[in-house]
Structures are given as structure tokens and as C-alpha cells.
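Chain by chain, the residues run as shown.
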Amino acid sequence: MNWLDDPILRVDHLTMRFGGLLAVNDVSFAAGRGDITALIGPNGAGKTTLFNCLTGFYQPTAGRIAFSSEKLDAEKIETLTRSARKHDGETFLLERMADHEIVRKARLARTFQNIRLFQGMSALENLMIAQDEALSRAAGLSFIGLLGLPSWRRAEQAAVDRAVAWLDRIGLKKRADDPAGSLPYGDQRRLEIARAMCTKPALLCLDEPAAGLNAAESHGLAELLRGIRDQGETSILLIEHDMSVVMRISDHVVVLDYGQKIADGSPREVREDPAVIAAYLGVEEQEEAVEEAVLSGGGA
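Residues numbered from 1 in each chain as written. Predicted model: local features only at pLDDT ≥ 70, side-chain atom pairs only at ≥ 80, totals over all residues. Heavy atoms only, no water.

- You'll find the protein chain entered in an unreviewed UniProt entry as ATP-binding cassette domain-containing protein, with Rhodoblastus acidophilus given as the organism.
- The UniProt entry for the protein chain carries this comment under Sequence similarities (unreviewed entry): "Belongs to the ABC transporter superfamily." (UniProt positions renumbered as here; feature names shortened; annotations may be inferred.)

Dropping the structure here:
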């Protein structure tokens, strides 16, 4: 239960309004360090809006989002909250930060529902461009890079090695030079996750990574995410509708419905929660029951 004992992320009383629409209503939860945390719920439950608040695309109407790649200290969070500062170099208040600051300083990485690869670039180039900032720092804003000094060459080789290692890990090493847009859909999904991982994030945020995948691809995705978690350097927070993936890999599940949190616990606890069955899982179960009745000749 790392989300209770050692959270990497704490969301407290998060609220997001769009005019008269209350999209997220006073939601609080924690994501554990080293955990895979799933955020689930019916369409329109507020999951993507909440994600957009976490990653700086929206500034929430109210609430606090505290994040630390080291240790979340309650006293330090309160000190930052009372001040006008965004972070102290270790602890970050994400609701005060723009998206590019969250990526660069807090080390969060995100993928989207719709694939956002550079389709005309090769698979390798997509992974290299993700490391552009690190290469720019090594190049001293390009001056050292232009001179071709050893520090730049070492940084460049390290970036290439990291990219090739990730291509090998997702089974695309032999297609390193192929345009990303020519790859099958499932390969593009994995490539997008690899690109995010090339930034060495402390927290990887995935928005419906299994969307559009077949059963075999979903199984491969689950194995990839478990492997990332088991390395111990990156925690994962994901939105997902594929319950087979969620229940197979998640350590912790948070359920939203109509913008409010209705359940929060282990996959087993959530699966057995009556509110979740009624609001989300129950819909699928009812459909399966009807289908079984039809197949057995029990009615139409």
C-alpha cells in the first residue's frame, strides 16, 4: 500500500469548473511511489480533465497537487502552500506550474489518447528528440556541440544507447529507421511509451494506453508496464477502460463517477465495491449476463 505509506503524488480537494459545468468535484487521492495506479470510471467521469490538471494543461479551480520524486513531507508541503513558490527543487505544487515546467522540473511524462508521434520521423529519431533537452544542456546551448567536444559526444552516444535499448525492449530495434507512421498501431503505442521513458520520468502518466489494441497487444502492453514498474525508477498513473489490463497490472485503483471519487483501494476492493459495480463495472456485467441468456436461449 505505497499510496498510503509512501506517496509520490497527493491530490487534495481538486475541483475543476468550466463555467457552470463541474467536471471534477473535490477529488482527493494519492499515487504510491513504485505503484501502478489506475484511474477508471465511465465516459464523462472527469478522468481526462483530472489528468489535464495534473500535467499542467488546465489550472484547477481549487485544490492542491503535491509531487516529489524523493519523499513527500507534509510540513514541507504546507510551507510551500503558504508561500508563493512553485517548488523547492524536490517538492512541487503542480497546480502552480505550466505543463513544460512539470515535464522539465518535476519529471512527469505523459502520453495521450490519440497517438502524437512525429509520423515522418524514424522510430529512432522519435526517441532521440525526446532527449533533446538533455542534449542541449550537454551542448551548452549548442556551442559545445558545434565544437564536437568530448562531453557532447558522450551525451549524444548515451542518448543513442538509451533510444536503441528502448527500441530493443519494445521489439522495434530492427525497424529503428522506419518512419513512425508506417508502423502498425500497436507498435506506435509502445513507441510512444518508449519515447516518454527516454525522458527518465519519475511519474509516467498514460491516457488510455490500451485503446485500439487487440488482446495480444494488450497483454504485451501489460507486460511492458509491469516491467517499467518493477525497475523501481518510475511510478505509473494511467487512465484505462480495458478492465482486463487494469485488474491485471494495477496496485491501486481510483474510481470516478460524475466528477467525484466513489472508490479508492486495491483492485480486489474496487472490484467488489457496490458503488463501482453499479456505476461502471456493473454495466459490463449486466451486458454479459444478457448475452449469456441470449446464447443459452433464455430470451432476447
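That covers the picture; the talk isn't over yet.
Focus: helix 9 (residues 185-197)
Then, in step 1: Between the first and last C-alpha of helix 9 there are 19 Å, a value that for 13 residues agrees with the 18 Å anticipated at 1.5 Å per step.
Then, in step 2: Looking only at helix 9, the buried set comprises Gly186, Asp187, Gln188, Arg189, Arg190, Leu191, Glu192, Ile193, Ala194, Arg195, Ala196 and Met197. (Helix = DSSP H or I, 4+ residues; strand = E, 2+ residues; numbered from the N terminus. Expected span 1.5 Å × (residues − 1). Buried < 20%, exposed > 50% of the residue type's maximum accessible area, 1.4 Å probe, protein only.)

Quick notes on a nonpolar patch on the surface
Then, in step 1: A cluster of nonpolar side chains, contributed by Phe18, Leu21, Phe57 and Tyr58, occupies part of the molecular surface with about 360 Å² of accessible area.
Then, in step 2: Here Leu21 lies in strand 2 (residues 21-32). (Patch = residues over 30% accessible without salt bridge, like charges linked within 9 Å, V, L, I, M, F, W, Y side chains within 5 Å. Areas by Shrake-Rupley, 256 points an atom, 1.4 Å probe, with all protein chains shown as cover. Salt bridge = Lys/Arg side-chain N within 4 Å of Asp/Glu carboxyl O.)

Looking at the sheet that holds strand 6 (residues 108-111)
In a beta sheet, neighbouring strands are held together by backbone hydrogen bonds and run either parallel or antiparallel to one another.
Then, in step 1: One open sheet accounts for six strands, arranged 6-7-8-3-9-10; its pairing is mixed. Of all the strands in the sheet, just strand 6 and strand 10 (260-265) have a single pairing partner and so form its edges. Taking each pair of neighbouring strands and ignoring which way they run, the sheet shows an average axis angle of 15°.
Then, in step 2: Bridge analysis of strand 7 (residues 203-207) against strand 8 (residues 235-239) gives five bridges, and the strand direction is parallel. Bridge pairing in strand 8 places Asp207 opposite Ile239. (Pairing = 2+ DSSP bridges. Axes fitted to C-alpha atoms, helices over the stretch in contact; angles between N-to-C directions.)

With respect to the packing of aromatic side chains
Then, in step 1: Per the counting criterion, the structure on display carries two aromatic pairs.
Then, in step 2: When the centroid spacing of 5.3 Å and the interplanar angle of 75° are considered together, the rings of Phe18 and Tyr58 count as edge-to-face. Pair noted here: Phe18 is in strand 1 (residues 7-18) and Tyr58 is in the loop between helix 2 (47-54) and strand 4 (62-68), with a separation of 40 residues, a long-range link.
Then, in step 3: Residue Phe18 is classed as partly exposed on the basis of its relative accessible area of 33%.
Then, in step 4: Overall, Tyr58 belongs to the partly exposed group, its relative accessible area being 31%.
Then, in step 5: Seen from their ring centres, Phe57 and Phe112 are 5.6 Å apart, and the 90° between their planes marks the pair as edge-to-face. On the criterion of sequence distance, the pair formed by Phe57 in the loop between helix 2 and strand 4 and Phe112 in the loop between strand 6 and helix 5 (123-129) is long-range, its members being 55 residues apart.
Then, in step 6: One Lys or Arg, Arg116, reaches over the ring of Phe112 and ends 3.8 Å from the middle of that ring. (Phe/Tyr/Trp six-rings, centres within 6.5 Å; stacked < 30°, edge-to-face > 60°. Lys NZ or Arg CZ within 6 Å of the ring centre and 35° of its normal.)

Considering the side chain of Arg229
Then, in step 1: Within the element layout of this structure, Arg229 appears in helix 10 (residues 215-231).
Then, in step 2: What Arg229 contacts, discounting residues up to four positions off in sequence, is Gly34, Asp35, Ile36, Thr234, Ile236, Ile249 and Asp251. (Contact = heavy atoms within 4.5 Å.)

What about the nonpolar core?
Then, in step 1: Ranked by internal contacts, the top residues of the largest apolar core, which has 45 residues, are Leu191, Ile193, Leu204, Leu225 and Ile228.
Then, in step 2: A domain-level breakdown of this core finds at least three residues from each of domain 1 (2-107 + 202-299) and domain 2 (117-199).
Then, in step 3: In this structure, Leu204 is in contact with Ala109, Ile193, Ala196, Met197, Ile228, Thr234, Ser235, Ile236 and Leu237, ignoring residues within four places of it in sequence.
Then, in step 4: Membership of the second largest hydrophobic core comes to 30 residues, among which are Leu9, Ile102, Ala202 and Cys205. (Core = buried A, V, L, I, M, F, W, Y, C linked by side-chain atoms within 4.5 Å. Domains from an automatic or database assignment.)

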